[in-house]
Amino acid sequence: MESWPIGVFASVDAGLGVAWNVISELKLPTIQLHAPHPDKRTADSARALASQLADMNVQCTAVFGGFDGESYADIPTVVKTIGLVPEATRQSRLQEMKDISDFSKHLGCDAIALHLGFVPEGPSESGYDGIVAVTQELCDHAASNDQYLHLETGQETADGLLEFIQHVDRSNLKINFDPANMILYGTGEPIEALRKVGKHVRSIHCKDGTWSDQPGKTWGCEVPLGEGDVNMEAYLKTLKEIGYEGPLTIEREIPQDPERQKAEIGSAIDLLTRLRSEILG
């Protein structure tokens, strides 16, 4: 596959991402997939899906987990509800991620991904060791399926993420870098963060956003690609600098307005196609 194939975040039946029929309309060569509902995560469903994707000439490059009970209503709610950090749901969600890993193996996809949640800043903080341990267990399960585990950026600083990766100490733990999330959560300048964590980046999102007037306390705002504070040209140039050659996966989450979503993804494809040809030549 050529460098920087353009892709989109998609969904069969669950969660975020463009609807299935839109994938073929967009004629893109890659997708990241939001994991389907539990009853659709069987080996047979995975193989059927793999066959559909092959017919469409589309490669699935990562399967993302998401869980019942998660809410992105505001930053304090994210802290309480997202990923494997909340202790009350940790074991059931770990099992769900293992199931997603098994489903992804039958799909022929070598990466699973998720928002881990708000990891405490450093090993001296309460609860840190437990989150390291659960991540190690999930990495080991993914490794048994010849897979990588990608952590999506946003909820921690670049330095905090590097320290966490070092403590987990698993060679298949990688990063799905989302520049807009750094801005939305107020955790750091995305280009600077990308340079810091670059060697661990194995997949990315192309998403844009604007800073909140109280970064880290209230949300920034997600906006169409090229209209926010990321600076897409600088982002792609930095991806080239760090040697990233994987897909440019567009994520634009406005499921309540599918027509607008499709139009804005279309504009994002045009922007990325132009920038890619200018930067890669």
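Above this text you will find the structure in question.
For clarity, every value in this text was computed on a predicted model and none was experimentally measured.

### What to know about the environment of Glu259
Structurally, Glu259 is set in helix H10 (residues 258-280). For Glu259 and Val197, which are 62 residues apart along the polypeptide, the C-alpha to C-alpha distance reads 35 Å.

### Thoughts on the pattern of salt bridges
On inspection of all chains with the given rule, the structure shows 17 salt bridges. When the shortest N-O distance is used, the salt bridge between Asp13 and Lys40 registers 3.7 Å. Within this pair, whereas Asp13 is found in the loop between strand E1 (6-11) and helix H1 (20-26), its partner Lys40 is found in the loop between strand E2 (30-34) and helix H2 (43-56), the two being separated by 27 residues in sequence. For Asp13, a relative accessible area of 27% corresponds to the partly exposed category. A network of salt bridges, in which partner residues are shared, links Glu222, Arg252, Arg260 and Glu264.

### Focus on unusual backbone geometry
We note that Trp4 has phi near 55 degrees; this positive angle belongs to a residue other than glycine. Along the polypeptide, Trp4 turns up in the segment before E1. Of the residues examined, Trp4 reaches a relative accessible area of 0% and is grouped as buried. The backbone of Asp146 sits at a positive phi, close to 55 degrees, despite the residue not being glycine. When you line up the elements, Asp146 lands in the loop between helix H5 (128-144) and strand E5 (148-152). Judged by its relative accessible area of 64%, Asp146 falls in the exposed class.

So, how was this worked out
- Residues numbered from 1 in each chain as written.
- Predicted model: local features only at pLDDT ≥ 70, side-chain atom pairs only at ≥ 80, totals over all residues.
- Heavy atoms only, no water.
- Helix = DSSP H or I, 4+ residues; strand = E, 2+ residues; numbered from the N terminus.
- Salt bridge = Lys/Arg side-chain N within 4 Å of Asp/Glu carboxyl O.
- Buried < 20%, exposed > 50% of the residue type's maximum accessible area, 1.4 Å probe, protein only.

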